[in-house]
Amino acid sequence: MNNKQLPVEQLLKELKKLYPKHVIPLHHKSAWELLCAVILSAQCTDARVNTITPHLFKKYPTVYDLAKADIKDVEKIIHSAGFYHSKALSLIEMSKRICDVYGGEVPQTMDDLLTLRGVARKTANVMLGDYFKKPAGIVVDTHVKRLAFRLGLTKQTDPVKVEKDLTKLIPYKYWGWVAIALILHGRNICPARKPACDKCTLAKYCAKRGVKIS
């Protein structure tokens, strides 16, 4: 065990070399399309969602169209995303509220986003940080939670507590980008079961090597 202490900026600099661009993996042309895609992505891969949304948006090209959609038809289109009953209801009810309350525009505050069906804090953080570029927190999905723990950025397992630790440690200017970078690294190099430590340029920051990030 080295018991070294390294500044978080050093880790972020290394991560930035690997994932320099803030690229959202879910295909979209508007805030509403991204919100639909994020709702569909729960327990579903981004690749799968990206095969579903073109059909969904061709049939229902605007928020107003989806707000008036027949739920059985939406279920049929999104069936392969899993949990299609609840997701279809969320998509329609979310669209209705955006039309009725927000004039057809996706709201841009955490409190307002959380009033939409199917939107919890993680989804709201995606919209605020990735699309609107004014993050109110850091997205914590399974990849971010796992890597944050492995890299010694938190000792928590609850996503809300993990997010709290990350926002204390990571400078605000990185909040939107860092989740995407950690998600990509989690998929490419550091999966849950067999992390490729021998290929990982972040291994020197790994908590299991006795490194502490501050």
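The structure we're discussing is the one just above.
Residues numbered from 1 in each chain as written. Predicted model: local features only at pLDDT ≥ 70, side-chain atom pairs only at ≥ 80, totals over all residues. Heavy atoms only, no water.

**Here's the deal with the overall build of the chain**
At step 1: Tallying secondary structure elements over the chain gives eleven helices and two strands in all.
At step 2: Going residue by residue from the N terminus, the α and β elements of the chain occur as β-α-α-α-α-α-α-α-α-α-α-α-β.
At step 3: Relative to its length of 214 residues, the chain is compact, with a C-alpha radius of gyration of 19 Å against a globular reference of 17 Å.
At step 4: Residues counted as buried form 49% of the 214 residues belonging to the chain.
At step 5: Relative to all contacts within the chain whose residues are 6 or more apart in sequence, the contacts with residues 24 or more apart total 62%. (Helix = DSSP H or I, 4+ residues; strand = E, 2+ residues; numbered from the N terminus. Rg over C-alpha atoms; globule rule 2.2 N^0.38 Å. Buried < 20%, exposed > 50% of the residue type's maximum accessible area, 1.4 Å probe, protein only. Contact = heavy atoms within 4.5 Å.)

**What about unusual backbone geometry?**
At step 1: Positioned with a positive phi, Gln43 is a non-glycine residue whose angle comes to about 55°.
At step 2: Mapped onto the fold, Gln43 is located in the loop between helix 2 (31-40) and helix 3 (46-59).
At step 3: In this structure, Lys133 takes a positive phi of about 60° despite not being glycine.
At step 4: One can find Lys133 in the loop between helix 8 (121-131) and helix 9 (142-150).

**As for helix 10 (residues 159-169)**
At step 1: Taken together, the buried positions of helix 10 are Val162, Glu163 and Leu166. The arc that holds every buried residue of helix 10, seen down its axis, measures 100°, which confines them to one face. Projecting away from the buried face of helix 10 at angles above 90 degrees are the exposed residues Val160 and Lys168.
At step 2: On its buried face, helix 10 is in contact with helix 8 and helix 9. (Arc of directions from axis to C-beta.)

**Here's the deal with the packing of aromatic side chains**
At step 1: What the rule picks out here adds up to four aromatic pairs.
At step 2: Seen in terms of ring centroids, Trp32 and Phe57 are 5.4 Å apart; in terms of plane orientation they differ by 50°. Their pairing is tilted. Placement of Trp32 in helix 2 and of Phe57 in helix 3 is noted, with a sequence separation of 25 residues between them. Per residue, the accessibility class of Trp32 equals that of Phe57, and both read buried.
At step 3: The ring of Trp177 is capped by Lys16, whose NZ or CZ atom sits 4.3 Å from the centre of that ring. (Phe/Tyr/Trp six-rings, centres within 6.5 Å; stacked < 30°, edge-to-face > 60°. Lys NZ or Arg CZ within 6 Å of the ring centre and 35° of its normal.)

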